[in-house]
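What the coordinates show
Residue-level listing of the chains:
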Amino acid sequence: TGCRDMLQRTLRDHFTGRGSLLRFLAMIWTAPLGTEPRHHPGFHSQSRPGSPSVITAATQARSLAVAAVYLRSLDPPSTLALASSHCPVIPSLLLPLMSPHKQLRDGALDCLATLRAATPPRSPESATPPLSHQDPYATSPLLHLVDAICNSSLELSSDPSALQQQLGRFFCPGAGLIGSKLEGSPRRKRRRSGYQGQAEQRARSAILEAVLECLLAHTVTMGAPTHIQFVLLGALADVEHEAKLAGILPLLKSLLDRVAPPLAPPPGRGEPMETDQSQSAPLSEEEGLILQLGVACFTPSMAPCLHTRPEAMQLLLGLLRSSAQAAPATPPPQELAIKQVSPEFFAALPSPALQQALLQRLVDLLLESRRSKVITMVKECIRKLPLTAELVVTELTRHTSLLGGSDGGMAPPTPSKRTRHSKPPPPLPRPPSDGDDIPWRRLTMVLELIQYSCPIVADCHLLAPHLFSILGRCLEAEEKQRISLEYCQQLLLSALLGLCDHLRGEGVESARALLPESQFNVEQVVQCVRLSTNPQTHHQALLLLGTAATIFPSRVLHNIMPIFTFMGVSLLRQDDQYSFQVINRTVDTVIPALIKSGSDILSTPSLPRRPGRKTPPTTVEGVVTEIIRVFVDAAPHVPSHRRLPLFSHLLSTVSPSDYLHVTLALLTEKLVVQSSVKEQTPKEALLSSSFLLSLALEFPPLTQSSVLLRLMEYVTKLPEEKPESASQLRQLPRSITTLFNVAAHTVKQLGQFKSSCLSLIGQLLANGSFVSKVTSLNAESLAAMESTILKLLRCVLGYASSLARTHSRKTKEVGGRLREGLLTQAFNVVDKTISLLSTASFLEVVRQLVGETGGDVQRKTMEILTLKLEGGRMHFTQDHDALLLKLVDALVGVAKEDSTPPVSRQTALYGIKLLTRPLAQEHHEEFVKIARIVIAMMSEDQLHPLVYSSCLLCAAQLCSSLCPHAIPLLPSLLPCVLRCLGQEHQSQDLLLQSAVTALSVVVQTLPKFLSSYISDMVLKMCQPHLAAVSGEETSQLLTMAKEVREKVAGSVPARTLLPVYVKCYPQAVETSKDSVVALLSMLSSTISHLPREEVKTHTSQLTELFMVALDYRATQTNEPPQATLQVEDCCLEAFTGLVVKLSEGSFRPLFLKLLDWATRPGSPKDRAIVFYHLADSVAEKLKSLFLLFAGHIIKNATSVLDSNHEEKQELPFFPEEDGEVAEAKSHQLLGYILSCLGRCFLHDRGSFLTKERFDTLLHPLVDQLSNCLGGVACYQERVESHLVPTLAQFAVAARKEALWKPLNYQLLLKSRHSSTQVRFAVLRALQELYTRLGEEFVVLLPETIPFLAELMEDESVEVEQQTQTVITTIEGIVGESIQQYF
């Protein structure tokens, strides 16, 4: 009770006036909260960080509750008085509506609802404007706002940002008084819309303006605190109304005056352009946010107001000039204003003067500002603005006096002719210095902006005259001054390029209508290219010329050669992607325009002359050729990795089918000239033929073929030799000298040019990529390709024929080697060209060439044919048979013509031979006739060996292909072949090889029909020159002859051959040893091919033949031992081949018969050598099977061993021979016997060497150790090779200690022989015995030690050392030393 009384007393004493309590309470609920963070103005916070305020949200909520109670306690008139325009209650209640605390928003809504409840209700008639003065809504416009807020109370209660959106809708001019009572019902709206719509709209606008002015009055003019201003302006952020802009201008101006000095005219030259930013911020943080909200009022919808309110425009320009930091964390006013200058805002400005002023201020800002961020923002802003040509021209001409002239403007340039005769314009001023560069900088800035803004500038074509005027003044400057203006020239060229691109995009006709041709000064652009040394200027000028060529081709093309000449000497040498793109774009635009426009634009003689030319070219083809020559001249200096893309792009632009051959010819000329000065040219600058080939391969095969044809046609038009007189040179057609100036080159260079062209054509025709592309063509393209190839072939052949005729007439004259090389290359091109034809076309062309031409062309054609047939690269079908037969007839005609050179006849026969394979079987009648013609040719007298050899091979192939149809031809063919085989001159090797080959084919094809000729055939094939090796030159012939003999022996039946062998053997013996060897080799081959079931049938005949052949040693005593041994080896090889096919029952009588033949009394002693040689060979072949027959030779072998022992016999075994020969034969015989016995012992498994046979062989074998027959060398060879291994194997085969003991004892007895070599041989035998038998033989060591002890004291050092070796071997076997036993 006491507190209530105190409160009532306080309210009664201190708040006596009407509304004083509410003002007090409003101070509480509008005060900022000390604990809440500050938010952006749009986020409705009223807090101030760090404030010492103790007011909390609860306090503010209580103050609102008290205010609501207080309002309810008032009478209606008092309540309505609080809603007047001068009372701050309603504006103050807007602040809690933006609070993040819902209780504050609800409290404010409660107060507003109380105010609305005190308002008397309005009738429908009173609610319709115009309002009466008694209506509270007329005296208190804020009630309309209260109605709108109360109608949206639910939304405002739930969302603190709803008030800003609600106010934006409320003040929207076209939305009406949303939620207010003036809005009315839909029915009332429809009723009033007919007759009161305009009046209501004016009334609504007046009400909205009154409400907005009331709010702004409480915000701006009544001294509200900054935090209240900030919140209320934030609430009005979405409101776009002229009244808002008018009401906020004073506040903005006062804030801007605090940031920067009062607005003054733009600073003069030398004055500072920006406000110093180093000073502290003059505004508080809240004031900075208020400034930001105020600048945001310059929206596109407010732009028209700048015309009616000049102070607003001045304020905007002042904002753009102010670069100082206004408040912490707030961008400078300059940046805020730049953001507001949008394309929509600029377009909404009502007058060009305002747009010009704003644009000028922005350009000034580019010059004044030193901040990169501001400069970037301004540039981006201007680039987006919808500028007009008038605005841009004004900025361009603002400082026109600097460029000379008296009119102060930039009139379009006069034509060049009048310009040359008129008074020259005033010179350009000196280059700008550091203190006098603002006008130059401004002009540069404007040009930079035009560079990016030209496409969007309205009526941009109006800029062209002024841009060319400035460009002309820059070009008229002195050289030093022009260098400083280089960047300005680049900007001008870039601006003109953008203008032309824009106009071209609208269509060429439209561009010509907008920009007259007379206003486009091409000469100035070309002058930029000529005078400037800056690559960037060159690039811009060339790009501009290329674009202009599509619009004004006639003006550009009169200056085309200076353009490309410049490119050749400078731009083509640059190694950067940009330069490459500039070149490509220039080529893409200028050259197509030239070709499209035709030759009528080339009447002006402005093209430069080249050496050797009377007049410059006046045709499109001539100009394009000159352009290509520019590129070719610069090719060595173009980076190597850019050459191919550059020329490919150039040719793709000018039509490769028309100008590729021109490019290749010019490049070839460059290569020829380059080769003459190769030593003086850097390696990286050299061109190569591979580049030309790669360039040609860049295009389709049809284009390549047509280009090759045109290049070949050009080569044929060139003179064969350089004319000597000047008059003859002048008479050469221009079409010839255009590509290769004969007068300017030497004879050698002319030949090199032709050779290089032919080489290039051949390389391209043989290139794998080109061939693969040709094979992948469709039928239509392939037909077109073949037509072109045929034309090329006829052209090359015509050239080759002409060259061949000239060469035949002038073989010994100067240039003969060059012509010969050209002829070779031409034939190479013919070869490669023919390979591209289809099979049918190829055959027809070859037939025509073979039948109609002669000489080198005919021969080369046949060589190409044979090469393709030989390589298997052609596949024929039955459809080709008719063409092939015609071709064969043509070849036969060439072959049988006696006047034809032998080489051509040989080639023709070879072609017939190759064609026989696919055709003879199906067309045997025709080829039988051809075979008879070929055989008849071999009957000619004095036929050239080359032709004869080819006839033999061709006839052999005919026989092979005709098979049974060739049987009637054998009687006439084989005599010719056999006659050739009888020739043995060294010069006839080729003929002999051909005859042998032919015989081989005949034998392989018809072996069963050769009986009548087999005898002569065998004799011929066994002749010495076909059977003996007389040198390396004949080795191939001998090899072939051997193969034929083996083929005859294997193909002809044995029943036919064996009688022939028997018949021919005596003749072979009489001829030579080589003939016998060859015959016996054939016999061996025949036996090897003889089936086992037929062996028995021919055994008697073979036995008879072998008995005669084995007696060769005995009958041919005068033959050298080596020759006899060679014959004997061949005979034994054949015999062992027969033995393996005989059964035991068949071989035993044969073996016994041979034993009797060799050992019967009175038979020649040489037969013993032959027999034991045979036995040794058979033992080697049969191995253990020979033991079945070896027992028959033991007795005779021991007898022969003893008979050939020099200590046992006084007379030699071969008494009829002299001493050395007899000893040599005895040595040979002993070797065969010992080797044969050794093989028997080797394969013995215990049944052969019985005790009786051991005793029989023991002494004869051991006694051979003391048989020194034949001398020391023969003795050592016999002991090491035969005797020691045989004795060791003899002991191994014995297998018993009882048999080893006598053998060991007999050996030890021989160790006391008087001969040193015998004692050494005994030790070798003992060593081998211990080695082979090992521990089993150690049991005999006690008997051996005494003899070894004697040998250790032998007088011979070799014997003593060998004894130690034997002891070492024994110790290795025993495992311990035996030295203590000595």
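Note that the coordinates shown come from a computational prediction; the quantities given were computed from them, not determined experimentally.

It is worth spelling out the environment of glycine 1050 at this point. Inspection of the secondary structure puts glycine 1050 in helix H55 (residues 1035–1051). Judged by its relative accessible area of 33%, glycine 1050 falls in the partly exposed class. When the C-alpha atoms of glycine 1050 and threonine 1086 are compared, they prove to be 5.7 Å apart, with 36 residues separating the residues in sequence.

Below, the discussion takes up the packing of helix H50 (residues 945–962) against helix H51 (residues 970–981). The contact between H50 and H51 brings their axes to 11 Å, and the two run at 140°. Judged by the inter-axis angle, H50 sits oblique to H51. Judged by the sense of rotation from one axis to the other, the crossing of H50 with H51 is left-handed. In this structure, H50 contributes Tyr948, Leu952, Ala955 and Cys959 to the contact, and H51 contributes Leu973, Cys976, Val977, Arg979 and Cys980. Residues that form the contact of H50 with H51 fall into these classes: 8 nonpolar, no polar and 1 charged.

Right, let's get into the side chain of serine 322. Here serine 322 lies in the loop between helix H17 (310–321) and helix H18 (333–340). Leave out the neighbours within four places in its chain, and serine 322 touches Leu256, Val259, Ala260, Pro333 and Gln334.

A few words now on the packing of helix H38 (residues 701–717) against helix H41 (residues 747–766). Running from N to C, H38 and H41 cross one another at 160°; their axes reach a closest spacing of 10 Å. Here H38 lies roughly antiparallel to H41, going by the angle between them. The handedness of the crossing between H38 and H41 is left-handed. In this structure, H38 contributes Gln704, Leu708, Leu711, Met712, Tyr714 and Val715 to the contact, and H41 contributes Phe753, Lys754, Cys757, Leu758, Leu760, Ile761, Leu764 and Leu765. Residues belonging to the contact of H38 with H41 are distributed by class as follows: 12 nonpolar, 1 polar and 1 charged.

Between its first and last C-alpha atoms helix H30 (residues 535–551) spans 25 Å; for 17 residues at 1.5 Å apiece the expected length is 24 Å, and the two agree. Of all the 17 residues making up H30, 14 are buried; the element is thus mostly covered by neighbouring parts of the structure.

Counting through the fold element by element, serine 1226 comes out in helix H65 (residues 1219–1242). Take serine 1226: its relative accessible area is 2%, and that puts it in the buried class. Looking at serine 1226, its side chain comes within polar contact range of the side chain of asparagine 1204, at 2.8 Å. Serine 1226 has contacts with Asn1204, Phe1213, Phe1214 and Leu1269, leaving out every residue within four places of it along the chain.

Bringing the nonpolar core into the picture now. Val1018, Tyr1061, Leu1083, Phe1147 and Phe1186 are the most contacted members of the largest nonpolar core, which totals 282 residues. Core analysis: the second largest hydrophobic core is formed by 164 residues, Leu64, Leu212, Cys305 and Leu387 among them.

What follows is about the packing of aromatic side chains. Enumeration over the complete set of coordinates arrives at 17 aromatic pairs. Centroid distance phenylalanine 1151 to phenylalanine 1186: 5.8 Å. Interplanar angle 90°. Geometry classified as edge-to-face. Within this pair, whereas phenylalanine 1151 is found in helix H61 (residues 1144–1159), its partner phenylalanine 1186 is found in the loop between helix H62 (1166–1182) and helix H63 (1187–1190), the two being separated by 35 residues in sequence. There is no split in this pair, since phenylalanine 1151 and phenylalanine 1186 are both buried. Plain terms: the ring middles of tyrosine 1330 and phenylalanine 1337 are 5.0 Å apart, the flat faces sit at 80° to each other, and that makes the pair edge-to-face. What makes tyrosine 1330 buried here is its relative accessible area of 1%.

Counted according to the given criterion, the structure contains 35 salt bridges. For arginine 309, the salt bridge goes to glutamate 242, with nearest N and O atoms at 3.4 Å. Placement of arginine 309 in the loop between helix H16 (305–308) and H17 and of glutamate 242 in helix H14 (residues 242–259) is noted, with a sequence separation of 67 residues between them. The salt bridge partner of glutamate 1350 is arginine 1312, with a shortest N-O separation of 3.1 Å. Linking glutamate 1350 in helix H70 (residues 1341–1352) with arginine 1312 in the loop between helix H68 (1297–1310) and helix H69 (1316–1333), this pair joins segments that are 38 residues apart in sequence. On the basis of relative accessibility, which here comes to 48%, the residue arginine 1312 falls in the partly exposed class. In the salt-bridge network here, residues are joined through shared partners; they are Asp1202, Lys1208, Asp1263 and Lys1310.

It is worth spelling out the environment of threonine 997 at this point. Along the polypeptide, threonine 997 turns up in helix H52 (residues 989–1005). Threonine 997 sits 44 residues away from alanine 1041 along the chain, and the two C-alpha atoms are 8.5 Å apart. Apart from the residues lying within four places of it in its own chain, the contact partners of threonine 997 are Leu953 and Met1040.

What counts and how
Residues numbered from 1 in each chain as written. Predicted model: local features only at pLDDT ≥ 70, side-chain atom pairs only at ≥ 80, totals over all residues. Heavy atoms only, no water. Helix = DSSP H or I, 4+ residues; strand = E, 2+ residues; numbered from the N terminus. Buried < 20%, exposed > 50% of the residue type's maximum accessible area, 1.4 Å probe, protein only. Axes fitted to C-alpha atoms, helices over the stretch in contact; angles between N-to-C directions. Parallel < 35°, antiparallel > 145°, perpendicular 65-115°, else oblique. Left-handed = near helix turned anticlockwise from the far one by under 90°. Contact = heavy atoms within 4.5 Å. Nonpolar A, V, L, I, M, F, W, Y, C, P; charged D, E, K, R; others polar. Expected span 1.5 Å × (residues − 1). Polar contact = N/O pair within 3.5 Å; in protein donor to acceptor, adjacent residues only side chain to side chain. Core = buried A, V, L, I, M, F, W, Y, C linked by side-chain atoms within 4.5 Å. Phe/Tyr/Trp six-rings, centres within 6.5 Å; stacked < 30°, edge-to-face > 60°. Salt bridge = Lys/Arg side-chain N within 4 Å of Asp/Glu carboxyl O.

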